[in-house]
Amino acid sequence: DAGVIQSPRHEVTEMGQEVTLRCKPISGHDYLFWYRQTMMRGLELLIYFNNNVPIDDSGMPEDRFSAKMPNASFSTLKIQPSEPRDSAVYFCASTNFPTVLYGYTFGSGTRLTVV
Amino acid sequence: GEDVEQSLFLSVREGDSSVINCTYTDSSSTYLYWYKQEPGAGLQLLTYIFSNMDMKQDQRLTVLLNKKDKHLSLRIADTQTGDSAIYFCAEMMGNTPLVFGKGTRLSVIA
């Protein structure tokens, strides 16, 4: 398996534009997580899905953020409109039972810069 | 406290041992993890320990767990320049998602 695949690796956009981040989890994994990493706040959980259903989105910062998982092999995180404070590295991770006992597998992340 | 806490920086000389410490939040956490993040990369699982264990050794890595103090440590023996990275402690309580510390940046001086 190629692991968790995220695209794009880097995204630079202007304030006010819509940004869409993409994630393909490992085949057979039924949990998918979106994390955001910043220097100030570390790794924050934004939202996670189980069997394509959002379970907890309490970490989503505000209504500008939305996430979907239309099928087991694809998820998107959308920011509309984007703001400079959204600049961060966004990670997607996946797992399933019983491998969850051994942690999550992370993608390489998308580095977002909003200017 | 309510956060997983780690010191932010650690600097060691090549060949010495590194000890990275973490205080986690919930004494009932069932699984505890150490992840490594190299520059520009995602997090890689280094090792894990279940709460019914006090110690786990895996080659150059030794994990110690003190449940009473909610303290977890990672010792890297014979630290090499390739060990320079950010190390994250994480805990899992029941079925809830992993909660991470802010990470400890390890710098290895040749």
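Residues numbered from 1 in each chain as written. Chains lettered and ligands numbered in written order. Predicted model: local features only at pLDDT ≥ 70, side-chain atom pairs only at ≥ 80, totals over all residues. Heavy atoms only, no water.

Participant: Before we go on, may I ask you to explain the overall build of chain A in this structure?
Facilitator: Secondary structure summary: chain A contains zero helices and 11 strands in total. Overall, chain A shows an N-to-C arrangement of helices and strands of β-β-β-β-β-β-β-β-β-β-β. Here the C-alpha atoms of chain A give a radius of gyration of 13 Å, agreeing with the 13 Å that 2.2 N^0.38 yields for 115 residues. Overall size of chain A, expressed as C-alpha extent along the three principal axes, is 40 × 25 × 25 Å. For chain A, the proportion of its 115 residues judged to be buried stands at 48%. Accessible surface, chain A as shown: approximately 5600 Å² in total, 51% of it carbon and sulfur. Positive and negative side-chain charges of chain A, numbering 10 and 12 respectively, have mean locations separated by a distance of 4 Å. (Helix = DSSP H or I, 4+ residues; strand = E, 2+ residues; numbered from the N terminus. Rg over C-alpha atoms; globule rule 2.2 N^0.38 Å. Buried < 20%, exposed > 50% of the residue type's maximum accessible area, 1.4 Å probe, protein only. Areas by Shrake-Rupley, 256 points an atom, 1.4 Å probe, with all protein chains shown as cover. Lys, Arg positive; Asp, Glu negative; His and termini not counted. Charge placed at Lys NZ, Arg CZ, Asp CG, Glu CD.)

Participant: Could you clarify how one ought to interpret the environment of B:Gly40 in this entry?
Facilitator: By secondary structure assignment, the location of B:Gly40 is in the loop between β4 (31-37) and β5 (43-50). Under the relative-accessibility criterion, B:Gly40 is labelled exposed at 55%. Separated by 68 residues in sequence, B:Gly40 and B:Val108 have C-alpha atoms that sit 18 Å apart. Setting aside residues up to four positions removed in sequence, B:Gly40 forms contacts with A:Arg9 and A:Ser108. (Contact = heavy atoms within 4.5 Å.)

Participant: What exactly am I supposed to notice about the packing of aromatic side chains here?
Facilitator: A ring pair, where both rings are aromatic, is described by two values, the distance of the centres and the angle of the planes. On inspection of all chains with the given rule, the structure shows 14 aromatic pairs over all chains. When the centroid spacing of 4.1 Å and the interplanar angle of 15 degrees are considered together, the rings of A:Phe33 and A:Tyr104 count as stacked. One end of the pair, A:Phe33, is in strand β4 (residues 31-38); the other, A:Tyr104, is in the loop between β9 (88-95) and β10 (105-106), with 71 residues separating them in the sequence. We classify A:Tyr104 as buried; its relative accessible area is 4%. Ring plane angle 45 degrees and centroid distance 5.8 Å describe the contact between A:Tyr35 and A:Phe106, whose orientation is recorded as tilted. Taken together, the positions of A:Tyr35 in strand β4 and A:Phe106 in strand β10 put the pair 71 residues apart, joining distant regions of the chain. Take A:Tyr35 and A:Phe106: they sit in the same class, and that class is buried. Taken together, the aromatic side chains of A:Tyr31, A:Phe33, A:Tyr35, A:Tyr48, A:Phe91, A:Tyr104, A:Phe106, B:Tyr33, B:Tyr35, B:Phe88 and B:Phe100 make up a single cluster linked through ring pairs. (Phe/Tyr/Trp six-rings, centres within 6.5 Å; stacked < 30°, edge-to-face > 60°.)

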